[in-house]
Amino acid sequence: MITISPSLLACDFLNIESELKAFEGFTDLWFHLDIMDSHFVPNLTFGHPIVNLISKKTSIPLDAHFMVTNPEFYIETFKDYNIHNFTFHYEACENPMELILEAKKIYPSVGLSIKPGTDVSVLTDEILKELDLVLIMSVEPGFGGQSFIESTYDKVEYLNNKKSELKKKFVIQIDGGVKDINSKQLISAGADNLVAGSYVFKDGPSTYKSKVESLRN
Ligand code: DX5
Ligand code: ZN
């Protein structure tokens, strides 16, 4: 089953509790949390207090996407918020392997993300063997509502082949501009997990179920 990760960046933040409740009972769903530091990316979103509050209001797995410099500072300080998957950026650290191993001591799942301009081959076999998830950014990280970058499909296919070659089960997650019109091709190419912000949230709670299902086709 394909997991869908609605990105809370696009939700109604003044009514976050009811937004979380609107997804209760959905299966194969994670909440995607875009944590931005106004340094690695130009935008600034939310941090510890908000993630803590969210964690107390939902039992849906939390998928934290850290768009921050110095991700090493965040591994320890976010440990009490029941985060299921901890993803940080390849471009933000000198030694990703060291941080992957550190994060794996705390989080059930650890992911590494690459920006659209980063070649997928930077993810060496050694790195891929340790990862639970690879996040391919299909827009420049920083903002919701951007257009999907078509070259993403090739990266997904490359990783899907790597998965067979290495006999590994890491999740291939795609984030940015994901909609019903590109989800089918992403899934065919090998994507397991689709993050979607504006597509899921833009028409309000009565459409969340059908939006989520439409991404799985
Ligand atoms: C962008 C974030 C995404 C964003 C996706 O930097 O990582 O998770 O919320 O938003 P949409 O689906 O609107 O492109
Ligand atoms: Zn994200």
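The preceding data block contains the structure.
These notes cover the structure that comes with them. (Residues numbered from 1 in each chain as written. Chains lettered and ligands numbered in written order. Predicted model: local features only at pLDDT ≥ 70, side-chain atom pairs only at ≥ 80, totals over all residues. Heavy atoms only, no water.)

## Some words on the nonpolar core
- The biggest cluster of nonpolar side chains holds 61 residues, and the ones touching the most others in it are F23, F78, L159, I174, L186 and L194.
- Broken down by element, this core gets its largest block of residues, four residues, from helix α6 (residues 152-166).
- Setting aside chain neighbours within four positions, we find L186 in contact with F148, T152, Y153, V156, I174, V178, A191 and L194. (Core = buried A, V, L, I, M, F, W, Y, C linked by side-chain atoms within 4.5 Å. Buried < 20%, exposed > 50% of the residue type's maximum accessible area, 1.4 Å probe, protein only. Helix = DSSP H or I, 4+ residues; strand = E, 2+ residues; numbered from the N terminus. Contact = heavy atoms within 4.5 Å.)

## Some thoughts on the site of ligand 1
- In the vicinity of ligand 1, 20 residues are found, and the nearest of them are D34, G142, D175, G197 and S198.
- Between an oxygen atom of ligand 1 and a side-chain N or O atom of H32, the distance comes to 3.4 Å.
- Breaking the shell around ligand 1 down by element, the ones donating at least two residues are β2 (31-36), β3 (62-67) and β8 (193-196).
- Residue contributions to the shell around ligand 1 peak at three residues, all from β2.
- Residues of the shell around ligand 1, tallied by class, amount to eight nonpolar, 10 polar and two charged. (Near = heavy atom within 4 Å. Polar contact = N/O pair within 3.5 Å; in protein donor to acceptor, adjacent residues only side chain to side chain. Nonpolar A, V, L, I, M, F, W, Y, C, P; charged D, E, K, R; others polar.)

## Let's talk about the coordination of the zinc ion (ligand 2)
- Each protein donor to the zinc ion (ligand 2) is listed here as H32 (NE2), D34 (OD), H65 (ND1) and D175 (OD); together their distances run 2.0 to 2.3 Å.
- Coordination at the zinc ion (ligand 2) comes from six donor atoms whose angles at the metal span 70 to 167 degrees, giving a geometry best classed as octahedral.
- In primary-sequence terms, the residues that donate to the zinc ion (ligand 2) follow H-x1-D-x30-H-x109-D. Separated by 110 residues along the polypeptide, H65 in strand β3 and D175 in strand β7 (residues 171-175) bring together distant segments of the chain.
- The class of H65 is buried, set by a relative accessible area of 0%.
- Relative accessible area serves as the criterion here: at 9%, D175 is assigned to the buried category. (Donors = N, O, S within 2.8 Å, 3.2 Å for Na, K, Ca; no water. Tetrahedral: all angles 85-135°; square planar, octahedral: opposite > 155°, others 65-115°.)

## Regarding the packing of α6 against helix α7 (residues 180-189)
- Remark: α6 packs on α7, axes separated minimally by 8 Å, with the N-to-C direction vectors making an angle of 25 degrees. With respect to α7, the axis of α6 lies roughly parallel. Of α7, the residues touching α6 (which contributes T152, Y153, V156, E157 and N160) are N182, Q185, L186 and A189.
- Partitioning the contact of α6 with α7 into residue classes produces four nonpolar, four polar and one charged. (Axes fitted to C-alpha atoms, helices over the stretch in contact; angles between N-to-C directions. Parallel < 35°, antiparallel > 145°, perpendicular 65-115°, else oblique.)

## Notes on the packing of α7 against helix α9 (residues 208-216)
- The N-to-C vectors of α7 and α9 enclose an angle of 40 degrees; their axes lie 7 Å apart at closest approach. The angle between the axes of α7 and α9 places the two elements in the oblique class. Where α7 approaches α9, its residues D180, S183 and I187 are matched on the opposing element by S214, L215 and R216.
- For the contact of α7 with α9, the residue count by class is two nonpolar, two polar and two charged.

## Topic: the environment of V68
- Note on placement: V68 falls in the loop between β3 and α3 (72-77).
- Each C-alpha atom of the pair V68 and F88 lies 7.6 Å from the other, and the pair is 20 residues apart in sequence.
- If we ignore the near neighbours within four places in the chain, the residues touching V68 are I35, D37, F40, Y74 and A92.

## Looking at α9
- Within α9, the full set of buried residues consists of Y208, K211, V212, L215 and R216. Buried residues of α9, seen end-on, are gathered within an arc of 140 degrees and therefore sit on one face of the element.
- Elements that come into contact with the buried residues of α9 comprise β1 (3-6), α1 (16-21), α7, β8 and α8 (198-201).
- Positive backbone phi, approximately 60 degrees, marks N217, located one or two places after α9. (Arc of directions from axis to C-beta.)

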